[in-house]
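Remarks on the overall topology
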Amino acid sequence: MSQSKRFNKNSFVIQGSILAIAGILVRVIGLVYRIPLTRILGDEGIGYYSTAFDIYNVLLLLSSQSMPLAVSKIVSEKLEKREYKNANRVFKGSLIFALILGVVVGLFAFFGADWLATSIYKSAPSALALKVLAPTLTVVCVLGVFRGYFQGMGNMVPTAISQIFEQIVNAFVSVFAAIELSVVGITTYKAVHLAPPKTDKVAYAKYIQGIATSKASYGAEGGTMGTLFGAIAALIVIAIILWRKNKQFKVQMQSDTNHTLDKYPRITKILTFTILPVLLSTTIYNISNLLDNPIFQNIMHKMFDMTTSERAGHWGIYSGKYRLLTTMPIAIAAALSTAMVPSLVRSYVAKNKEELTNKVNQAFKFSMIVAFPCGVGLSVLGLPINQLLFGVENTDEVEIFIMMLFSVFTVVAFSLSTISNAILQGIDHLSIPIKNSAISLGIHLVVLPILMIVFRLSIFGVVIGDILFALVVCILNAFSIKKYMDYKHDFVAIFIKPFIAALFMGVAAFGTFTLLILFTNNNIVSTIIAIVIAVMVYGVLLIKVKAISEEEILDLPKGTTLVKILKKVKLI
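Residues numbered from 1 in each chain as written. Predicted model: local features only at pLDDT ≥ 70, side-chain atom pairs only at ≥ 80, totals over all residues. Heavy atoms only, no water.

Side note on the packing of helix H5 (residues 113-120) against helix H6 (residues 127-152)
Note the cut-off: For helices, the axis comes from a line fit to the C-alpha atoms of the stretch in contact; other axes are also lines fit to C-alpha atoms, and the angle between any two N-to-C directions lies between 0 and 180 degrees. Strands are runs of DSSP state E lasting at least two residues, helices are runs of H or I lasting at least four, and both sets are numbered from the N terminus onward. Each angle is binned into one of four classes, with values under 35 degrees roughly parallel, values over 145 roughly antiparallel, values of 65 to 115 roughly perpendicular, and all other values oblique. Left-handed describes a crossing in which the near helix is turned anticlockwise from the far one by less than a right angle; the clockwise case is right-handed. Note on definitions: a residue-residue contact is assigned when non-hydrogen atoms from the two residues lie within 4.5 Å.
Orientation of H5 relative to H6, taken along the N-to-C sense of each, is 140 degrees, at an axis distance of 8 Å. By the angle between their directions, the pair H5 and H6 is classed as oblique. Note on packing geometry: the crossing formed by H5 with H6 is right-handed. Contacts between H5 and H6 involve Ala113, Asp114, Leu116 and Ala117 on the former and, on the latter, Ala127, Leu130 and Lys131.

Focus on the pattern of salt bridges
A side chain of one charge can pair with a side chain of the opposite charge when the charged atoms of the two come close. Where we set the bar: Any carboxyl oxygen of Asp or Glu that lies within 4 Å of a side-chain nitrogen of Lys or Arg is treated as forming a salt bridge with it.
Counted under the stated rule, the structure contains ten salt bridges. Measuring nitrogen to oxygen at the nearest pair gives 2.7 Å for the salt bridge that ties aspartate 428 to lysine 73. In this pair, aspartate 428 is assigned in the loop between helix H14 (407-426) and helix H15 (431-453) and lysine 73 in helix H3 (residues 67-80), connecting sequence segments 355 residues apart. Among the ionic contacts, a cluster of salt bridges with common partners joins Lys78, Glu83, Asp262 and Arg266.

Some thoughts on unusual backbone geometry
Heads up, the condition is: Buried residues are those whose accessible area, probed at 1.4 Å on protein chains only, stays under 20% of the maximum for their type, while exposed residues exceed 50% and partly exposed ones sit between those limits.
In this model, aspartate 305 sits at a positive phi of 55 degrees, which is unusual for a non-glycine residue. Tracing the backbone shows aspartate 305 in the loop between helix H10 (264-302) and helix H11 (308-349). Here serine 458, not a glycine, exhibits a phi torsion of approximately 50 degrees, which is positive. Its location among the elements puts serine 458 in the loop between H15 and helix H16 (459-485). The exposure class of serine 458 is buried, given its relative accessible area of 15%.

Some details on the side chain of threonine 326
We apply this condition: In protein, a polar contact requires one atom able to donate a hydrogen and another able to accept it; more generally it is a pair of N or O atoms within 3.5 Å, and residues adjacent in sequence count only if both atoms are side-chain atoms.
Looking at the element boundaries, threonine 326 is found in helix H11. Relative accessible area serves as the criterion here: at 2%, threonine 326 is assigned to the buried category. Looking at threonine 326, its side chain comes within polar contact range of the main-chain oxygen of tyrosine 322, at 3.0 Å. From its side chain, threonine 326 meets the backbone oxygen of arginine 323 in a polar contact 3.3 Å long. Beyond its immediate sequence surroundings of up to four residues, threonine 326 is in contact with Leu378, Ser407, Thr410 and Val411.

Side note on the nonpolar core
Our working definition: Here, the term nonpolar core denotes a set of buried Ala, Val, Leu, Ile, Met, Phe, Trp, Tyr and Cys residues that are joined through side-chain atoms within 4.5 Å.
Grouped together as the largest cluster of nonpolar side chains are 84 residues, with contacts concentrated most on Phe364 and Ile423. Considering each element in turn, this core owes the most residues, 14 residues, to helix H12 (residues 353-390). Residues contacting isoleucine 423, with those up to four places away along its chain left out, are Met340, Leu344, Val360, Phe364, Ile481 and Met485. Of all hydrophobic cores here, the second largest spans 33 residues; its members include Phe53, Tyr56, Leu116 and Ala171.

Some words on the environment of lysine 250
Within the secondary structure, lysine 250 is located in helix H9 (residues 246-254). Residue lysine 250 is classed as partly exposed on the basis of its relative accessible area, which comes to 46%. The sequence separation of lysine 250 and asparagine 88 amounts to 162 residues, and the corresponding C-alpha distance is 9.7 Å.

Quick word on the packing of aromatic side chains
This is how it is decided: To pair, rings of Phe, Tyr and Trp, with the six-membered ring standing in for Trp, must have centres within 6.5 Å; the planes then decide the type, stacked if under 30 degrees apart, edge-to-face if over 60, and tilted in the middle. The criterion is that NZ of a Lys, or CZ of an Arg, lies within 6 Å of the ring centre and within 35 degrees of the ring normal, and then a charge sits over that ring.
All told, the structure shown has 13 aromatic pairs when counted by the stated rule. Note on phenylalanine 110 and phenylalanine 111: the rings are 5.2 Å apart at their centroids and 85 degrees apart in plane angle, and the pair reads as edge-to-face. Overall, phenylalanine 111 belongs to the exposed group, its relative accessible area being 65%. Relative to phenylalanine 249, the ring of tyrosine 149 lies with its centre 5.8 Å away and its plane at 65 degrees, an arrangement referred to as edge-to-face. Taken together, the residues span a long stretch of sequence, with tyrosine 149 in helix H6 and phenylalanine 249 in helix H9 at a distance of 100 residues. The same class applies to tyrosine 149 and to phenylalanine 249, which are both buried. Three or more aromatic residues link up through ring pairs in this structure, and these residues are Phe91, Phe146, Tyr149, Phe150 and Phe249. Taking NZ or CZ as reference, arginine 89 lies 4.4 Å from the ring centre of tyrosine 264, over its face.

Section: a nonpolar patch on the surface
To be explicit about the condition: Each patch is built from salt-bridge-free residues with over 30% relative accessible area, joining like charges within 9 Å and nonpolar side chains (Val, Leu, Ile, Met, Phe, Trp, Tyr) within 5 Å. All accessible areas in this document rest on Shrake-Rupley with a 1.4 Å probe, and a residue is counted as covered only by the protein chains that are shown.
On the surface, Phe491, Val492, Ile496, Phe499, Ile500, Leu503 and Phe504 cluster together into a nonpolar patch covering about 620 Å² of accessible area. Following the sequence through the fold, leucine 503 ends up in helix H17 (residues 491-520).

Some words on the environment of lysine 215
Along the chain, lysine 215 falls in helix H8 (residues 201-244). For lysine 215, a relative accessible area of 35% gives the class partly exposed. Residues lysine 215 and alanine 339, 124 residues apart in the sequence, show an inter-C-alpha distance of 43 Å. Every residue in contact with lysine 215, bar those within four places of it in the chain, is listed here: Ile40, Ser182, Gly185 and Ile186.

Observations regarding the confidence of the model for the chain
Which entries qualify depends on this criterion: Values of pLDDT, which run from 0 to 100, indicate the predictor's confidence residue by residue.
Of all residues in the chain, 95% have pLDDT values of 70 or greater, and the mean over the chain is 86. Low pLDDT, under 50, characterises residues 1-10; the stretch is placed with 16 contacts to residues that sit more than four places away or in other chains.

Points about the packing of helix H4 (residues 84-111) against H6
A pair of packed helices is captured by two measures, namely the crossing angle of their axes and the spacing between those axes. Selection rule: Charged means Asp, Glu, Lys or Arg here, nonpolar means Ala, Val, Leu, Ile, Met, Phe, Trp, Tyr, Cys or Pro, and polar covers whatever is left, Gly included.
Where H4 meets H6, the closest approach of the two axes is 8 Å, and the angle between their N-to-C directions is 170 degrees. The orientation of H4 relative to H6 falls into the category roughly antiparallel. Regarding H4 and H6, the two cross each other, and that crossing is right-handed. In terms of residue class, the contact of H4 with H6 is built from 18 nonpolar, five polar and one charged.

Here we look at the side chain of asparagine 477
Inspection of the secondary structure puts asparagine 477 in helix H16. Residues contacting asparagine 477, with those up to four places away along its chain left out, are Ser417, Ser420, Asn421, Leu424 and Asn436.

Quick word on the environment of isoleucine 548
Looking at the element boundaries, isoleucine 548 is found in the loop between helix H18 (523-544) and helix H19 (550-554). The spacing of isoleucine 548 and proline 498 is 50 residues in sequence and 8.9 Å in space, taken between C-alpha atoms. Apart from residues no more than four positions distant in its own chain, isoleucine 548 is found in contact with Lys365, Phe366, Ile369, Leu542, Ile543, Ile553 and Leu556.

Structure representation (structure tokens):
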């Protein structure tokens, strides 16, 4: 393989890595700013903030979440055919489509905020925060088109840069606005309501609670302001990047010899029929998480008489600790998927079967090289990592320990299902992930209550149910990929070798932690050193078992530097 080809910016492995690094950085920033925000808002304020975001996320899922993928797919098809003018028209037509859709959904969220918050979610004070998030829906819809346009070109850098800027602005504005508007909430309530005499204890207690609720509600509104300003900042950044590249795009369009220009009604039709299957697939694939909460709450309340605080405690450990940690490595698979779709589309349109098969192999292989060590690492070091990050109490230790043992299955199954969904979308079989996800969801909804009621597994039933959902998606997608691509997994290279390296890494990590905690009795030092040793051991073992070749290392960002280092230490 030539150097120029290897370092071609259209390499989805490199582009996926860039997006994955940006995604990890964004999540770290998000984790950091949530600490002061939680302290400012308190439990009540965070409750209103979270409820507003639950409504926002549903509307986001139904409007703009599938926009980048749909636009990137259509643009990459046009570029493969060298229809540069039509690719530009797709971008313009998508902007109009997104603006109309975003305004409609945004207006619904704004004017329906009181009804949604009060009638559906039984949380009237959340309406203020939702009204701030309403215009964000419009901005994010348009932002999705810009990101999809660049992704269709195989360039993930603008998306990565805009995501980082978005989160930085979000962090600063959220914290600052939450502080300022919390004060406004107190002042506003006091201006409208006269303080009753302290002798009337009931009325005075209501007055104090009213101040607290007003403070929390306005504070939550301030917290969501960061999301709006972050999205605007991201849109400005990516628009500037597009403007700077405008001359390059004009040169490409001048070289376009195609005289048949797509009309905008046709572009709208193509966009609609591309978005709908992706939207349905994304909704069905993600809705299991939304349904698990009410299923768990109702069963544990009605069948086992578990109190509200107990249910909240179990769900908090699952969603706030277990799911938070396991979704980090899954996000890398999602980034790789985003980068892979336009690359697969080009190979598929060009009818280059060999190239298509190589790309699918690469996608599966690199996702498993990441998923296995992350999953095994979380399984063997789950408890000390939780103690390091969250200061786990003794009462939670057994529950978290059992949950973390499932990490390797969760990370691997969801990484595989995410990658396989993207492959099917890339080879123009958009309806297959919908069907497979729907079958998996049906099985999940039948099995989950059985696990909780018959086997009395409580929150562990939710963990196992989620793994089963992703596993069924993986199996069904594997049959579909084999059917439509005549593809067979290189089982040893993709699964066995990374698993062996991860297994020995897990033994090294657990052994290192056990010895260090015995001698130092310091969880922070022991955990960090164990993780560092694990990374080093895994890297060496990957090369020793020949799970990754020199050529594949060169395909990675800074691959040349890595190869030079590895040659110096005589690993290759």
